[in-house]
There are 2 protein chains.
Amino acid sequence: MLYTSIENKKIKQIKKLYQKKYRDLENSFIVEGEHLVIEAYKNGVLKELYLEQGKNINIDFEKKYISTNVLKYLSNLETSPGIIGVCKKIDKNEIGNKIVALDGIQDPGNLGTIIRSCVAFNIDTLIISNNTVDLYNDKTIRASQGMIFALNIIICDLDKKLVELKNKGYKILSTNVTSGKSLKNIEKSEKFVIIMGNEGNGVSNTLESICDDFLYIEINPKCESLNVGIATSIILYELDK
Amino acid sequence: MLYTSIENKKIKQIKKLYQKKYRDLENSFIVEGEHLVIEAYKNGVLKELYLEQGKNINIDFEKKYISTNVLKYLSNLETSPGIIGVCKKIDKNEIGNKIVALDGIQDPGNLGTIIRSCVAFNIDTLIISNNTVDLYNDKTIRASQGMIFALNIIICDLDKKLVELKNKGYKILSTNVTSGKSLKNIEKSEKFVIIMGNEGNGVSNTLESICDDFLYIEINPKCESLNVGIATSIILYELDK
């Protein structure tokens, strides 16, 4: 099978997956490049595979081919690797004991980086609020380096979900520079949720009111704050010790 | 003073500062937004200040005004805050004891994030190789959150500089997953350089050969590696304890 026209209905449908509403409608999303396609394949979510003519990839999966002009139309990268996968969204599993919750993160790069660090530091589940940037945004997926397939991720009403988890005995933690305990001295809990807030505004008042404890990362006062992806990763590194 | 035409010679000169060769030629660079302009002003590097008509900023500095169409032409942001500063590049100071060296970092966001974390965790000097992404790229400056003004940064031939520092008694560290010591157990030195490598290829063989010790961050094997900005920040957090 070779697609050579950007007017083709199938090709137009794939292109639409760069928009959130079509990703939601089709329950599908796009990944680009060998590494991400292989991760999707290994995790059983690869649905369709498109290769630029002349390209190959060593997986046992039906290959469809596209001309260079179709690739240019479909790719969102300056230099496309010539490999595009259409994937189905991932089903959620058991929630586990170690949880990160994100309250309205806006930058797809930050979300992807946090996903990668969650897997690195043995987080069981990532819970993200409905107003967080779309999980299946191509920048999020790229920044996650394929780790989006390796992590249990739930999108939901954060306020409700956290009250539910608190009632189940999870210790609810967040960050607070003025009233927190230093991360270096934090007591570890078996079951915890660490809530990280929006880049500009931090954690909402509603969520703050249900927290059991606050922590902060000691930094030089010349630097007002850390990037949220960095702060989350340092906290996860310390909690995973 | 009000500029209303994008054909104006002065305005065209400013626009050129988005290109590295003109930044090098003019020894100047652009920042956008109140926060970055104030940081530049406080650090004595602000040379010229341009405000969209109707905007204000509370610093004692000569203000020039631009029309909305000139702002759109000059801004590199989707939604411009209407405040643009032209700054002179920063002079270098004494090198200090705690040093980070970057070998060919390519992503301006990563470089900016590392600058911010260097300030947060009390690094004295950042040394960057000539083949690292330009320090004065507007994305680098934005990601640094103005901390580019608060850090001593040297751009140089890394191989030569590190041999020089090794001879002066600095302990030269880098990361290595296979032969490194866990970061958790690393012995701290009074005078050190930590070298972080390029996103794809890591640290060059030449630089590896002059290292005194290697460390690694223990992560879940499902995750091949961490983002270089994240890894650097976690190491600096641990070394600053």
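Structure first, text after, so check above.
Below is a short write-up of the structure. Quick caveat, the model's predicted, so the values are computed rather than measured.

About the criteria used
- Residues numbered from 1 in each chain as written.
- Chains lettered and ligands numbered in written order.
- Predicted model: local features only at pLDDT ≥ 70, side-chain atom pairs only at ≥ 80, totals over all residues.
- Heavy atoms only, no water.
- Helix = DSSP H or I, 4+ residues; strand = E, 2+ residues; numbered from the N terminus.
- Buried < 20%, exposed > 50% of the residue type's maximum accessible area, 1.4 Å probe, protein only.
- 1 Å grid on protein atoms, 1.4 Å probe; cavity = no way out; pocket = protein on both sides within 12 Å on 5 of 7 lines; lining within 4 Å.
- Points joined across faces, edges and corners; volume = space filled by probe spheres on them.
- Nonpolar A, V, L, I, M, F, W, Y, C, P; charged D, E, K, R; others polar.
- Pairing = 2+ DSSP bridges.
- Phe/Tyr/Trp six-rings, centres within 6.5 Å; stacked < 30°, edge-to-face > 60°.
- Lys NZ or Arg CZ within 6 Å of the ring centre and 35° of its normal.
- Salt bridge = Lys/Arg side-chain N within 4 Å of Asp/Glu carboxyl O.

### Description of the environment of Asn185 of chain A
Residue and element names in this part refer to chain A. Structurally, Asn185 can be placed in the loop between strand 10 (181-182) and strand 11 (192-197). Under the relative-accessibility criterion, Asn185 is labelled exposed at 59%. Separated by 30 residues in the primary sequence, Asn185 and Leu215 have C-alpha atoms spaced 9.1 Å apart.

### A short note on empty space enclosed by the protein
Residues and elements named next belong to chain A. In the structure shown here, the tally under the stated rule is 4 cavities of 30 Å³ or more. What lines the largest cavity is Tyr18, Ile30, Val31, Glu32, Leu36, Asp138, Ile141 and Arg142. Only strand 2 (28-32) and helix 6 (138-144) provide two or more residues apiece to the lining of the largest cavity. Along the lines of polarity and charge, the residues of the lining of the largest cavity split into 5 nonpolar, no polar and 3 charged.

### Structural notes on the pairing of strand 11 (residues 192-197) of chain B
Residue and element names in this part refer to chain B. With 6 of 6 residues buried, strand 11 lies mostly within the body of the structure. Here strand 11 shows two buried faces, one formed by Phe192, Ile194 and Met196 and the other by Val193, Ile195 and Gly197. The sheet contact formed by strand 6 (residues 98-103) and strand 11 spans 6 bridges and is parallel. If you follow Leu102 over to strand 11, its bridge partner there is Met196. Across 4 bridges, the pairing between strand 9 (residues 171-175) and strand 11 is parallel.

### A closer look at the packing of aromatic side chains
Per the stated rule, a full pass over the model turns up 11 aromatic pairs over all chains. Each ring, one from Tyr41 of chain B and one from Phe61 of chain B, has its centre 6.2 Å from the other, and the planes form 85°; the classification is edge-to-face. Remark: Phe61 of chain B occurs in the loop between strand 3 (46-52) and strand 4 (64-66) and Tyr41 of chain B occurs in helix 3 (residues 34-42); sequence separation between them is 20 residues. An aromatic cluster is present here, built from Phe121 and Tyr237 of chain A together with Phe121 and Tyr237 of chain B joined pairwise through their rings. Across the ring face of Tyr170 of chain A, the terminal group of Lys191 of chain A is positioned such that the distance to the ring centre comes to 4.7 Å.

### Some remarks on the pattern of salt bridges
Residue and element names in this part refer to chain B. Under the definition given, this model contains 33 salt bridges over all chains. A salt bridge links Lys98 to Asp240, with the nearest nitrogen and oxygen atoms 4.0 Å apart. A residue pair is termed long-range when its members are at least 10 positions apart, and Lys98 in strand 6 and Asp240 in the segment after helix 9 (228-239) qualify at 142 residues. Close ionic contact of Lys161 with Glu164 constitutes a salt bridge, the shortest N to O distance being 3.4 Å. One end of the pair is Lys161 and the other is Glu164, both in helix 7 (residues 158-167) and 3 residues apart, which spans about a single turn. Given the relative accessible area of 34%, Glu164 is considered partly exposed.

Everything listed is a geometric property; what it means functionally is a separate question.
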